[in-house]
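Letter by letter, the chains look like this.
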Amino acid sequence: MDTLILDLLDPEEARRPPMAMKDYSDECKADAVALYASTPGATYKSITADLGVNRATLREWVLRDRERRGVTAPVCEPGHPTSGGAAVR
């Protein structure tokens with residue numbers, strides 16, 4: 001994206017270098033998903049703030065884990081999958 005456009009949207013963002021892609025181990029991913037699922041009232045935002053992982057990344061890991069286990073319920077926020085919270089926007 002053109003930096004001029006970024007300057008118009010957020011001048012500080014335009015000056016930051018792009019974030020490097022991180023490679024997380026399967027164990028790290030599983031631990032993050034387990035932490036999210038086992039923490040009452042957890043949100044992606046709260047868990048990712050503690051772990052230093054991108055919110056969308058954790059959400060993807062949760063979705064993949066549910067797919068692998070055959071769970072079809074939508075991922076909800078706030079809280080873990082059984083919280084009955086509103087759908088993620």
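For the structure itself, look to the data block above.
Basis of the calculations
- Residues numbered from 1 in each chain as written.
- Predicted model: local features only at pLDDT ≥ 70, side-chain atom pairs only at ≥ 80, totals over all residues.
- Heavy atoms only, no water.
- Helix = DSSP H or I, 4+ residues; strand = E, 2+ residues; numbered from the N terminus.
- Buried < 20%, exposed > 50% of the residue type's maximum accessible area, 1.4 Å probe, protein only.
- Contact = heavy atoms within 4.5 Å.
- Areas by Shrake-Rupley, 256 points an atom, 1.4 Å probe, with all protein chains shown as cover.
- Salt bridge = Lys/Arg side-chain N within 4 Å of Asp/Glu carboxyl O.
- Core = buried A, V, L, I, M, F, W, Y, C linked by side-chain atoms within 4.5 Å.
- Expected span 1.5 Å × (residues − 1).
- Arc of directions from axis to C-beta.

Colleague: In this structure, what is going on with the overall build of the protein? I would like to understand it.
Modeller: Within the protein, the regular secondary structure consists of 5 helices and 0 strands. Counted from the first residue to the last, the protein has its helices and strands arranged as α-α-α-α-α. Per-residue burial for the protein yields a buried fraction of 24% across its 89 residues. Restricting to contacts in the protein with at least 6 residues of sequence separation, those with at least 24 account for 47%. Of the roughly 6,600 Å² that the protein leaves accessible, carbon and sulfur atoms contribute 56%.

Colleague: Which parts of the structure should I look at to understand the pattern of salt bridges?
Modeller: If charged atoms from side chains of opposite charge come close, those side chains can pair. A complete count under the given rule lists 3 salt bridges for this structure. The shortest N-O distance in the salt bridge between Asp65 and Arg68 comes to 2.6 Å. Of this pair, Asp65 and Arg68 both sit in helix α5 (residues 55-69), 3 residues apart, which is roughly one turn of the helix. The class for Asp65 is buried, based on a relative accessible area of 17%. Between Arg69 and Asp65 there is a salt bridge whose closest N-O contact spans 2.8 Å. Note that Arg69 and Asp65 are positioned in helix α5 at a spacing of 4 residues, about one turn of the helix. Each of Asp65, Arg68 and Arg69 takes part in salt bridges that share partners, so that together they form one network.

Colleague: How should the nonpolar core be read in this particular structure?
Modeller: Here is a general trend for soluble globular proteins: nonpolar side chains tend to be buried in one another's company. Formed by Ala32, Val33, Tyr36, Ala42, Tyr44, Ile47, Val53, Leu58, Trp61 and Val62, the largest nonpolar core amounts to 10 residues. Those elements that provide at least two residues to this core are α3 (26-38), α4 (44-51) and α5. Each residue touching Val33, except ones within four places of it in the same chain, is listed here: Leu58, Trp61, Val62 and Asp65.

Colleague: Looking at this structure, I do not really get α3. What am I missing?
Modeller: Residues spaced three or four apart along an α-helix face the same direction, because each turn holds 3.6 residues. Under the 1.5 Å per step criterion, the end-to-end length of α3 is 18 Å for 13 residues, consistent within 8% with the ideal 18 Å. Residues of α3 that are buried: Ala32, Val33 and Tyr36. All buried residues of α3 project into a common sector of 95° when viewed along the axis, lining one side. Facing away from the buried surface of α3 by more than 90 degrees, the exposed residues are Glu27 and Ser38. Tucked inside the fold, the buried residues of α3 contact α4 and α5.

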